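The primary structure of each chain is shown beneath.
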Amino acid sequence: MKKIGELNLGFSDAQNYARRDNKKMFNDIFVKNYFLEKIINPNTYFLIGEKGTGKTAYSVYLKNNNYKENKTILTYISATDYDKFYNIKKQKNLELTDFVGIWKVILLLLLSKSITDDDKVLSLFNKSNIDDLLRAIDEYYMNAFTPEIITALKIVDETELAAKLICKYSEVSGKNDTKLEFSETRFQMNLFYIEKQFSDAIKRLKLSRNVNLFIDGIDIRPNVIPYDDYIQCIRGLADACWALNTELFQNVKDSKGHLKIVLLLRPDIFSALNLQNATNKLRDNAVFLDWRTTYKEYKTSNLYKVSRRILEYQQENVEEDLWEKYFLWTFPTTSSSREYDTAFMDFLRISLSRPRDIIVILQLLQEFMLRAGQSEEMVFSKDIYQSDDFQNAYSEYFMSSIKDQLSFYYSVEDFNHFKKFFDYFKDSDFSYEEYVDVYDKFTEYILTNAKEIPEFVDDPTKFLQLLYDSNVIAAIENYGEPNAYYHFSYREKSLSNIEPKVPIDENVSYRFHYGLYKKAKFGRF
């Protein structure tokens, strides 16, 4: 069994596993489960989960491995990409339908380039259809095209030139004997022509394996782009993906492999897109990454399997549960049905049952033990876990994850005002009446100090819902009674209940999440 200082606990951000040096480690610690099998289903177009639940991890694993004959391309939408879209929108006065057309061209271009770059995916006798188009693209980019969104976006700036080049190469190959005219004033027509040429070529493809394009980075909105404009942009992306998946790719005949595009989305962002038939899309075409477990059943959970696998990495002759070897701690029981609580139970209590939470807890424990000169120890330190330093660090991490979530909707200034809300509480538990009293004081502070009034203070019920959605609070029915029941948004969220409502009733009270206690100045976990 390795010493604490010898453990390699990996990364909390799965993007790191896309690097060649880290691929082997990721393959060794990755736990294949039901989620993975459902994600590669031809009808799965949305991978939905909160931050830290593994959306990027599953995508990176599929990108790194030819899992069950699936070639996966993973692309990230960057702040630069969104900024480019925003500028194009302003210059060309684009509507939602224009965004759909732009995204279709970009996605078809990325897929086409990736397919032709891999001889194992496409028969050599089937390349000519799409090679003519890519020769036109290569001329447009002066042979410097790379399959990235920002590169593909350049076509949108000059649709006239791109359409003319594609038309030229089609004429050379004898596939187009119709004389066409293009001009920059006919933006939509140029875009549709480019889309149609790629669509017609893809319909004739014969793939030897499946090709999946995963799109990540959707949940990060640059501050410079207004929320409504951003939603319009990614709504266009979602509509474009849906149209290509259901209208084009599913109609490619006589091909062994299939094409599909998968969007990585948080549940709240999926809801914000207000897609047509959203409920059916969730039920039939989405995977929801749900790591929930209970104190009683956690040892059979996927979350515990992932946690164990990390500790087992590079260990020799693993026959026992190493988690129990490294964590010998016990805590006073929170249930009369057991003698004590384990370390993992306490980790569940302070976390949101996400793989990233558990990894961060392990990393922080190791870091503080190394600082304390305890690298030679064979078990993790309960004293370190209960120290102010650890609890401050973890609470800081918990608060930063809330900031990341809310930054999609609100500015940095808004979030700083949001944190002021905690200052009005002396205790972590409160009733609805106490909440309303604090809310009134909080709104007075906002009206006095904020340059722009955040939408979250429009209404006390709306703000309470925000606290519940972001897992800042839990709602407790019949607190102190034998039939007490704890409601957490992350525990009630599912594909059939993507937006759980905060309970409000005379028998309901509220409690701030344990992970926030140190940052909210409520004392210890």
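Refer to the structure printed above.
Calculation criteria
- Residues numbered from 1 in each chain as written.
- Predicted model: local features only at pLDDT ≥ 70, side-chain atom pairs only at ≥ 80, totals over all residues.
- Heavy atoms only, no water.
- Axes fitted to C-alpha atoms, helices over the stretch in contact; angles between N-to-C directions.
- Helix = DSSP H or I, 4+ residues; strand = E, 2+ residues; numbered from the N terminus.
- Parallel < 35°, antiparallel > 145°, perpendicular 65-115°, else oblique.
- Contact = heavy atoms within 4.5 Å.
- Nonpolar A, V, L, I, M, F, W, Y, C, P; charged D, E, K, R; others polar.
- Buried < 20%, exposed > 50% of the residue type's maximum accessible area, 1.4 Å probe, protein only.
- Salt bridge = Lys/Arg side-chain N within 4 Å of Asp/Glu carboxyl O.
- Pairing = 2+ DSSP bridges.

Draft legend 1. Focus on the packing of helix H4 (residues 79-92) against helix H11 (residues 227-248). Packing of H4 against H11 leaves a shortest axis separation of 11 Å and a crossing angle of 100°. Classified by the angle between their axes, H4 and H11 sit roughly perpendicular to one another. Residues Tyr82, Phe85, Tyr86 and Lys89 of H4 pack against Asp229, Tyr230, Gln232, Cys233 and Ile234 of H11. Residue composition of the contact of H4 with H11, by class: six nonpolar, one polar and two charged.

Draft legend 2. Representation of the side chain of Ser509 within the structure. Its place among the elements puts Ser509 in strand S11 (residues 508-512). Its relative accessible area of 17% is what places Ser509 among the buried residues. Apart from residues no more than four positions distant in its own chain, Ser509 is found in contact with Phe430, Ala474, Ala475, Ile476 and Tyr479.

Draft legend 3. Representation of the environment of Asn65 within the structure. Relative to the helices and strands, Asn65 is located in the loop between helix H3 (55-64) and strand S2 (70-76). As for Asn65 and Lys23, which are separated by 42 residues in sequence, their C-alpha atoms are 9.2 Å apart. Beyond its immediate chain neighbours, meaning those up to four positions away, Asn65 contacts Asn27 and Asn70.

Draft legend 4. Spatial organisation of the environment of Ser78. As for its position among the elements, Ser78 is in the loop between S2 and H4. We classify Ser78 as partly exposed; its relative accessible area is 30%.

Draft legend 5. Geometry of the pattern of salt bridges. All chains considered together, the criterion is met by 26 salt bridges. Here Lys68 makes a salt bridge to Glu37, at a shortest N to O gap of 2.8 Å. Taken as a pair, Lys68 in the loop between H3 and S2 and Glu37 in helix H2 (residues 34-39) lie far apart in primary sequence, 31 residues in all. With a relative accessible area of 31%, Glu37 lands in the partly exposed category. For Arg235, the salt bridge is made with Asp239, and the minimal N-O distance between the two is 3.3 Å.

Draft legend 6. Inspection of the sheet that holds strand S4 (residues 259-265) at higher detail. Reading across the sheet, the five strands line up as S2-S3-S4-S1-S5 and stay open at both edges, with parallel pairing between neighbours. With partners counted over all chains shown, the strands left at the sheet margins are S2 and strand S5 (286-288), one partner each. Direction aside, neighbouring strands of the sheet carry axes that sit 20° apart on average. Both S2 and strand S3 (residues 210-216) contribute to a ladder of seven bridges, which runs parallel. If you follow Asn70 over to S3, its bridge partner there is Asn210. Relative to the sheet, H3 contacts strand S1 (46-48), S2, S3 and S4, its axis offset from that of S2 by approximately 130°. Its contacts with the sheet put helix H13 (residues 278-285) on S1 and S5, and the angle it makes with S5 is roughly 75°.

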